[in-house]
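Commentary on secondary and tertiary structure
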Amino acid sequence: MSSVSEGRFPGSSVPLLTPSPRCATLLTDDGVRVEAVYEPCTAGSGAPEDERDGAPATVPAIVVAHGFTGSADRPAVRRAARAFAQRAAVITFSFRGHGRSGGRSTVGDREVLDLAAAVAWARELGHTRVVTVGFSMGGSVVLRHGALYTAESVLGETPARVRAREGRTGSTGAHSDVVVSVSAPARWYYRGTAPMRRLHWVVTRPTGRLVGRYGFRTRIATEDWDPVPLPPVAAVPLIAPAPLLLVHGDRDPYFPLDHPRMLAEAAGPAGAELWLERGMGHAENAADDALLARIADWATAAPPA
């Protein structure tokens, strides 16, 4: 994978649109072009730019993975980016099939390659500590990315073996150091709530995909998963020793509280920290500034693996 703006693949060179933030097009391992935006940490913003944050190696980077039908320019994603940028550099991007990215959405399967490209870009920019924060679909993606790219499995499997079973390739520098998953499902194909039944209609029916394309700016793939990707509940034990935070609202209309509890149980006694947020709904739209600040504080202070 590579960043077009960094000139990492032949015959293409897209200049950074602005010095800060930086806009780029990333190329995933399977050849999909993904729009991405890098924003430096705003802490100490009164100082000159070259003295503001220190070298990137000393500043953590948070990579934000949005939910289904989101994109890098959606208001809730921009709000999260502003909150996180007070404590770290931030990369936002649009998953395939969303926003100005290419390809079609596979609703959490090949999106792990999009996230890996964004994490690798953060490391190319000099950041040695990279945090992934995902919401809803993005929450399931950061869990699976953590399993595929981060740590050895307590169950005796390595990420390389899991990648091989899924037909994935690992890229140097694509691992995350800390994982935060917000409003994620524990298992695939869940239809236990009305919002999830509507989402399955959008994803699986031709008329629904038209609604997704023209109503939500989301282009959805027509193919079934093959193979079925590692489910979130099976991914969480593979993330250790990287720190893992699970966040879920007690008024989430998509996934009830058995989902985060299943994830926390699967992670084991010391495998994850679980926050059940009173009065919170679903994903980035429901995460207020105070919660976003707490997430950023936890993520940037968590001890390295």
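Quick look at the structure, then. Keep in mind that this is a model prediction, so the values were computed, not measured. (Residues numbered from 1 in each chain as written. Predicted model: local features only at pLDDT ≥ 70, side-chain atom pairs only at ≥ 80, totals over all residues. Heavy atoms only, no water.)

1. So, the overall build of the protein chain
- Of the regular secondary structure elements, the protein chain holds 10 helices and 9 strands.
- Counting over 305 residues, the protein chain shows a buried share of 55%.
- Look at the contacts in the protein chain between residues 6 or more apart in sequence, and 75% of them connect residues 24 or more apart.
- As presented, the protein chain carries roughly 12,800 Å² of accessible surface, and 53% of it is formed by carbon and sulfur atoms. (Helix = DSSP H or I, 4+ residues; strand = E, 2+ residues; numbered from the N terminus. Buried < 20%, exposed > 50% of the residue type's maximum accessible area, 1.4 Å probe, protein only. Contact = heavy atoms within 4.5 Å. Areas by Shrake-Rupley, 256 points an atom, 1.4 Å probe, with all protein chains shown as cover.)

2. Quick notes on the environment of Val64
- Inspection of the secondary structure puts Val64 in strand S4 (residues 61-65).
- Given a relative accessible area of 2%, Val64 falls into the buried group.
- Considering only alpha carbons, one finds Val64 and Arg78, 14 residues apart in sequence, at a separation of 9.9 Å.

3. Regarding the pattern of salt bridges
- By the definition in use, this model includes 13 salt bridges.
- The partner of Glu39 in a salt bridge is Arg78, and the shortest N-O contact between them spans 2.4 Å. Residue Glu39 is located in strand S3 (residues 33-39), and its partner Arg78 is located in helix H1 (residues 75-85); the two are separated by 39 residues in the primary sequence.
- Classification of Glu39 as buried rests on a relative accessible area of 15%.
- Residue classification places Arg78 among the buried residues on the basis of a relative accessible area of 19%.
- As a salt-bridge pair, Asp109 and Arg144 come within 3.2 Å of each other at their nearest N and O atoms. Of this pair, Asp109 sits in the loop between strand S5 (89-93) and helix H2 (111-124) while Arg144 sits in helix H3 (residues 137-149), and the two are 35 residues apart along the sequence.
- The buried category is assigned to Arg144, whose relative accessible area is 1%.
- Sharing partners across several salt bridges, the network here consists of Asp30, Arg96, Arg110 and Asp114. (Salt bridge = Lys/Arg side-chain N within 4 Å of Asp/Glu carboxyl O.)

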